[in-house]
Amino acid sequence: MSRKLKRSILFWLVLGPFAVVALFPYAVMLSTALKPGDEIFVFPPTWLPSRLAFENFVEMWSATGFGTALLNSLLIATAGTVLSLLVAIPAAYALARLRWHGQGLYRQFLLVAQMLSPIVLVIGIFRLMAAMGLVDSQWALVLAYAAFNLAFATWMMSSYFRTIPKEIEEAAWIDGATRMQSLVRVFLPLALPALAVTGIFTFINCWNEFVLALTILRSNEKYPLTLQIFTLVGGAYKINWHHVMAATFAATVPVAVVFALLQRALVRGLSLGSVK
Amino acid sequence: MLDRTRTLPALLLILPSLALSLWIIGYPIYDVVYTSLHEVNRFGRVRDFAGLANFAKLFADPIFFASLWRTVLWTVTVVGGAILLSVPIAVMLNEDFYGRGIARVIVMLPWAISLAMTAIVWRWSLNGQYGMINATLFQLGILDGPVEWLASFDTAFPIEIAIGILVSIPFTATVLLGGLSSIPADVYEAATIDGATGWQRFRWMTLPLMKPFLQIAIVLNVINVFNSFPIIWVLTQGEPANSTDILVTYLYKLAFRYGRLDTAAAMSLIMFAILLVFTAAYIVLARRSEEKGA
Amino acid sequence: MLNRRLAMLASGVALAALSALGSAQAQEKTEIRVIVAHYSDQTMGIFGGMEADFEAAHPDVDIKLEDVSWDNLQQRLTTDIAGGTPPDIAIIGTRWLLDYAANDIAEPLDDYMTPEFKAKFIEAFLEPSVIDGVTYGLPVAASARAMYYNKDLLKKAGIAEPPATWDELVAAATAVKEKGEGAYGFGMQGKEIETDIYWYYALWAHGGELVQDGKSGIASEAGVKAANLYKSLIDQGLTQPSPTGSNRQDMESLFKQGRAAMVLSGPWLRGQIKTEAPDLNYGLAAIPKGTVQATYGVTDTIMIFKDSENKEVAWQFLEEAAFSDKNRIAFSEKEGFLPVMKAEAAAPEFADDEELKAFTGMLPYAKFAPLIPNWEAASDTASAALQQIYQGQAEPEAALTEAAAKIDELIQQ
């Protein structure tokens, strides 16, 4: 047996239990989502449905307004991420490249900002949004998500930026480029993987956020997915689990696929900064 | 040229971020501080200045202390568990083996489901009568009657911790993996030639090189887990008899179910203070170890 | 009254003028925000029907429905009000109404209601929304609770008649346990919303009251008796195992699957059985008696906010659309609630419904949630004490006494 094969067997034995637990929710979602409605509450419960009830997905799609919610989630998360990056990039650049008074202070400010979770401040945030007339506006979420992810994004990007050799930029200046030109033409392209990774992290946070969306949005047609699905579960007299699971499954699989495609880039991006 | 102190341009660069956070986060903080010092009714109408009465109310509340203690337990076990599991996972994923690509995807999978949805799926899986956990245990012959996993603290809380760990692993492992893959391969090769065993390599090379990444992972996880709401809220709502309440779930009940916005605001501040102390301690420790390293 | 008529006339003229301008100012519609509690996946459809009716008659009004789940309703309303953006209309639990009235949030409706309109309601259901003689809301959903029993299971256990008293219930549950082939005798609820209510049935049946002389009555003799009764049901295995793991839906699914012989629930369960378990052979009976007959009567209230800028229009929506005979019948029938208006009760959907009498017959004995401040906190305190008792972590009397002391503090604030 080759060393690699031995190692592979050993690793999979160790990773196996974790893989089972990680895949378990997906199996549950699929199993329940494909059960006909009258087989959900059967005792003893079984994994396999008597037939594959694909109609659950169709019913769920219209019952939950799934398409709209999906679009909303995409829209809000993308806008939040973009805004967050736009604001964080110059700050991260300042932290990584310049020496200035108050740098340490700003660093600590970021850490403190990172500690605040929206749930702790939710009433205050709501009042603020109300005062700005942004209740029931998706822009309120975009602003809030950008603000709450800002610290992490700045922090993360500045550590990457620091690993991009200064000489490259300096070379550009010698070639007659202004600071701004070198920033846009030389520095940012080099930092692109870091931006991508930070962007993905931020996007996931926005995509998953729940409490603020619940507090600020009012119209169902503006709800993102998490909220729309939670409405099916929270406090109803009756829960259609097959619809709920179909919805969670449909909401999750696209993200999982994106992960599968991006995982290499994600890890490479995380390490890239440090590669000399 | 780069090493000159350049405060003005730097301030211009950080200005947007400062403005955004002071605006969106700063105002709510002010609002919470103000609320915590006043008597405020269910609907946010401010009545009288209350001094520290809201804090006093909390300190007289046994559920608050029980939740505080449980929050510590929750944070320490979830973060500890996530780190302890993520280190070997990241180390493995960094090595070359058959199916590594799939393994990396699997490790990240829990991340793809939002926390609230994960919790909903687990809640359904844990249903004593119809859930898939028990279905599996029945079929394996381990159980012969329904067991309600969420019916008591003794089973519910460990399960919540386990789920907390599960959902924290993707982020933690990714950060650590990023750190690992930034260690140049030639360092290892040199060590292997010197005859270092796997464990020695890990203990004396990998671990120290990973240290900054471990620190980031710990700090961010502590902050996230301490504030984590959906898992416990969806699974047990702090029940039975408040035995699985942590600070955030109790805070939510105080504010939105019981309408005690003022006491809840006081609690927010206490939570904030706890995290502040933790991070301050972290900064001091990190700085000290940095000095030692240098 | 005259003022109100004038106001209506004036607003009618204004509305007519507005609609004349309609084409020029299409966007200048009066917007009415309605927060709708999510009773089931059908709720929004039914309210959508009301919206369509009203907008057809009033093209200048835009009704905006907002679907909110019961779990999030309080939070949503609290933040809305705290942020100064309350809706025009909302459905709330009647038990919360006192807070809304006391804080000047709810608009008194007496001046809007004509005597004819008021007379359309069944008096008992209008009453819970009346505080100190002022009507603060209309009953939008009403239910009384009754006992559902599985005829087949009881027959198998050799029980001919559904139990009428708690002693008989214990005996029947014991028989079901012995001969029911794994079915549970009595379905018990032990977590989440209404955990305490499920126990109040027994408290009331033993002559207890939730509030006596401004103090909590849960630790009374009746309360201790009721708690001991439930605890012994659990200990003897007459309920499903670990009831603190079962919320209302869990307990009800046991019944729907024919795995619990008796449960206490509201009329909505009938509707669910009709669609999900049409073959279930079940009957309805009164909640068992202890020393007295009692049930829980509950209404949800639809209210208008004092800060609404279009209270007249909001009221018109309620009077003309939400409480039109057609829409009321559709709502109560589809959601499985009791009729709150006389016209509904007379409609064939309800009048010809024999089973419904199990609920309506209980109405004279119905206890409504007392209008006390901090209802939710008091209710959670009672539930927590019960959960400790059910789990065997505390003695009934001690736990109830402690909880009662806490509740006293809450309701005297």
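Residues numbered from 1 in each chain as written. Chains lettered and ligands numbered in written order. Predicted model: local features only at pLDDT ≥ 70, side-chain atom pairs only at ≥ 80, totals over all residues. Heavy atoms only, no water.

Student: Sorry, what's going on with the overall build of chain C here?
Tutor: The helix and strand inventory of chain C stands at 19 helices and 14 strands. Here the C-alpha radius of gyration of chain C, 23 Å, is about what a compact globule of 413 residues would show, namely 22 Å. In chain C, buried positions account for 61% of the 413 residues. The contacts in chain C between residues at least 6 apart in sequence include a share of 76% that link residues at least 24 apart. Of the roughly 15200 Å² of accessible surface on chain C, 51% is carried by carbon and sulfur atoms. (Helix = DSSP H or I, 4+ residues; strand = E, 2+ residues; numbered from the N terminus. Rg over C-alpha atoms; globule rule 2.2 N^0.38 Å. Buried < 20%, exposed > 50% of the residue type's maximum accessible area, 1.4 Å probe, protein only. Contact = heavy atoms within 4.5 Å. Areas by Shrake-Rupley, 256 points an atom, 1.4 Å probe, with all protein chains shown as cover.)

Student: Honestly, the interface of chain C and chain B in this entry has me stumped. Any pointers?
Tutor: Interface size is commonly expressed as the accessible surface area that is lost when the partners come together. Each partner contributes residues to the interface: chain C has 39 residues there, and chain B has 30 residues. Contact between chain C and chain B buries roughly 2800 Å² in total, counting both sides, with carbon and sulfur atoms accounting for 46%. Of all residues in chain C, T78(C), N103(C) and E192(C) give up the largest surface area on contact with chain B, accounting jointly for 18% of the area buried on that side. Counting across the interface, chain C meets chain B through two salt bridges. The residue D380(C) makes a salt bridge to R257(B) at a minimum N-O spacing of 2.7 Å. Scanning the region where chain C abuts chain B turns up twelve residue pairs in polar contact (both at pLDDT 80 or more). Going through the elements one at a time, α3 (70-82), α4 (97-102), α11 (248-256), α18 (375-390) and α19 (396-411) of chain C are the ones with two or more residues in the side of chain C that touches chain B. With eight residues, the top contributor of residues to the side of chain C that touches chain B is α3(C). Classifying every residue of the side of chain C that touches chain B gives ten nonpolar, 18 polar and eleven charged. (Buried area = accessible area lost by both parts, 1.4 Å probe. Salt bridge = Lys/Arg side-chain N within 4 Å of Asp/Glu carboxyl O. Polar contact = N/O pair within 3.5 Å; in protein donor to acceptor, adjacent residues only side chain to side chain. Nonpolar A, V, L, I, M, F, W, Y, C, P; charged D, E, K, R; others polar.)

Student: How do you make sense of the packing of helix α1 (residues 3-33) of chain A against helix α3 (residues 62-94) of chain B when you look at a structure like this?
Tutor: Think of two packed helices as two axes; the pair is described by the angle between the axes and how far apart they sit. For the pair α1(A) and α3(B), the least separation of the axes is 11 Å and the interaxial angle reads 130°. As the angle between them shows, α1(A) and α3(B) are arranged oblique. In this structure, the crossing between α1(A) and α3(B) has a hand that is left-handed. Contact residues: α1(A) offers F11(A), V14(A), L15(A) and F18(A), while α3(B) offers I89(B), M92(B) and L93(B). Considering only residue class, the contact of α1(A) with α3(B) consists of seven nonpolar, no polar and no charged. (Axes fitted to C-alpha atoms, helices over the stretch in contact; angles between N-to-C directions. Parallel < 35°, antiparallel > 145°, perpendicular 65-115°, else oblique. Left-handed = near helix turned anticlockwise from the far one by under 90°.)

Student: Whenever I open this one, empty space enclosed by the protein confuses me. Can you help?
Tutor: The full count for this structure, using the stated rule, is 14 cavities of 30 Å³ or more. One number sums up the size of the largest cavity: a volume of about 1000 Å³. Considering the residues around the largest cavity, the lining is formed by 39 residues, among which N205(A), N208(A), L115(B), N224(B) and S228(B) are closest to the centre. Those elements that provide at least two residues to the lining of the largest cavity are α4 (103-115), α6 (138-161) and α8 (179-208) of chain A together with α3, α4 (100-112), α7 (153-181), α9 (198-226) and α10 (230-235) of chain B. (1 Å grid on protein atoms, 1.4 Å probe; cavity = no way out; pocket = protein on both sides within 12 Å on 5 of 7 lines; lining within 4 Å. Points joined across faces, edges and corners; volume = space filled by probe spheres on them.)

Student: I tried to follow unusual backbone geometry on my own but got confused; where do I start?
Tutor: Excluding glycine, most residues fall at negative phi; most peptide bonds, likewise, are trans. Residues and elements named next belong to chain B. The amide bond that connects E239 to the next residue, P240, takes the cis arrangement and shows omega of -10°. With respect to the helices and strands, the residue P240 is situated in the loop between α10 and α11 (247-257). With phi around 50°, A241 is a residue other than glycine that occupies positive phi space. Positionally, A241 belongs in the loop between α10 and α11.

Student: Please clarify how the confidence of the model for chain C should be interpreted in this entry.
Tutor: Low pLDDT means the predicted atomic positions in that stretch should not be read closely. Chain-level statistics for chain C give a pLDDT mean of 88 and a share of 93% at 70 or above. Across residues 1-10 of chain C the pLDDT falls below 50, and counting only partners more than four positions away or on other chains, this stretch makes twelve contacts in the model. (pLDDT = per-residue confidence, 0-100.)

Student: Sorry, what's going on with the domain arrangement of chain C here?
Tutor: Residue and element names in this part refer to chain C. For chain C, the assigned domains read domain 1 (2-143 + 298-366) and domain 2 (145-296 + 371-411). Look at where the C-alpha atoms of domain 1 and domain 2 centre, and you get two points 32 Å apart. A buried area of about 2000 Å², summed over both sides, lies between domain 1 and domain 2, and 66% of it is on carbon and sulfur atoms. Interface area lost by domain 1 to domain 2 is led by R95, F359 and M362, which between them contribute 32%. As a salt-bridge pair, D353 and R270 come within 2.9 Å of each other at their nearest N and O atoms. Taken together, domain 1 and domain 2 are joined by seven residue pairs in polar contact (both at pLDDT 80 or more). Contributions of two or more residues to the side of domain 1 that touches domain 2 are made by α4, β4 (130-131) and α17 (356-360). Element by element, the count of residues in the side of domain 1 that touches domain 2 is highest for α17, at three residues. When the residues that make up the side of domain 1 that touches domain 2 are grouped by side-chain class, the tally is 14 nonpolar, four polar and five charged. (Domains from an automatic or database assignment.)

Student: Before we go on, may I ask you to explain the packing of α11(C) against helix α12 (residues 268-276) of chain C in this structure?
Tutor: All names here are of chain C. Running from N to C, α11 and α12 point in directions that differ by 50°, and their axes come no closer than 11 Å. By the criterion of interaxial angle, the relationship of α11 to α12 is oblique. Between α11 and α12 the crossing geometry is right-handed. Only W268, L269, Q272, I273 and E276 of α12 make contact with α11, whose side of the interface consists of R248, E252, F255 and K256. Looking at the contact of α11 with α12 residue by residue, the classes come out as four nonpolar, one polar and four charged.

Student: Quick question: what am I supposed to make of helix α10 (residues 225-233) of chain A here?
Tutor: In an α-helix, one full turn covers 3.6 residues, which means residues spaced three or four apart are oriented alike. Summarising burial for α10(A): nine of the nine residues are buried, a large majority. Taken residue by residue, α10(A) has L225(A), T226(A), L227(A), Q228(A), I229(A), F230(A), T231(A), L232(A) and V233(A) as its buried positions.

Student: Would you take a moment to explain the interface of chain A and chain B for this structure?
Tutor: Facing 98 residues of chain A, the contacting portion of chain B comprises 97 residues. Interface of chain A and chain B: buried area, both sides summed, is about 9300 Å²; carbon and sulfur atoms make up 79% of it. On the surface where chain A and chain B come into contact, there are three salt bridges. Of the charged contacts, one joins R7(A) and E95(B) as a salt bridge, the two residues approaching to 3.9 Å between their closest N and O atoms. The interface formed by chain A and chain B holds eleven residue pairs in polar contact (both at pLDDT 80 or more) in total. For the side of chain A that touches chain B, the leading source of residues is α1(A), giving 20 residues. Per-class residue counts for the side of chain A that touches chain B are 73 nonpolar, 16 polar and nine charged.

Student: I tried to follow the pairing of strand β2 (residues 46-49) of chain B on my own but got confused; where do I start?
Tutor: Within a regular beta strand, the side chains point alternately toward one face of the sheet and then the other, so they alternate between its two faces. All names here are of chain B. Where strand β1 (residues 38-40) lies against β2, two bridges are found, and the strand directions are antiparallel. When the bridges of β2 are listed, V40 appears paired with V46. The hairpin turn running from β1 into β2, its antiparallel successor, is five residues long, and G44 in that turn takes a positive phi close to 80°. (Pairing = 2+ DSSP bridges.)

Student: What's the story with the sheet that holds strand β12 (residues 282-285) of chain C in this structure? I'm lost.
Tutor: Note: strands within a sheet are paired through backbone hydrogen bonds, in either parallel or antiparallel orientation. Residues and elements named next belong to chain C. Strand order in the open sheet formed by four strands is β8-β11-β7-β12, with mixed pairing between adjacent strands. Pairing within the sheet leaves two strands with one partner each, and these edge strands are β8 (184-186) and β12. Averaged over all pairs of adjacent strands, the angle between strand axes in this sheet comes to 25°, irrespective of strand direction. With two bridges joining them, β8 and strand β11 (residues 260-265) adopt parallel strand pairing. What sits directly across from Y184, in β11, is A260.

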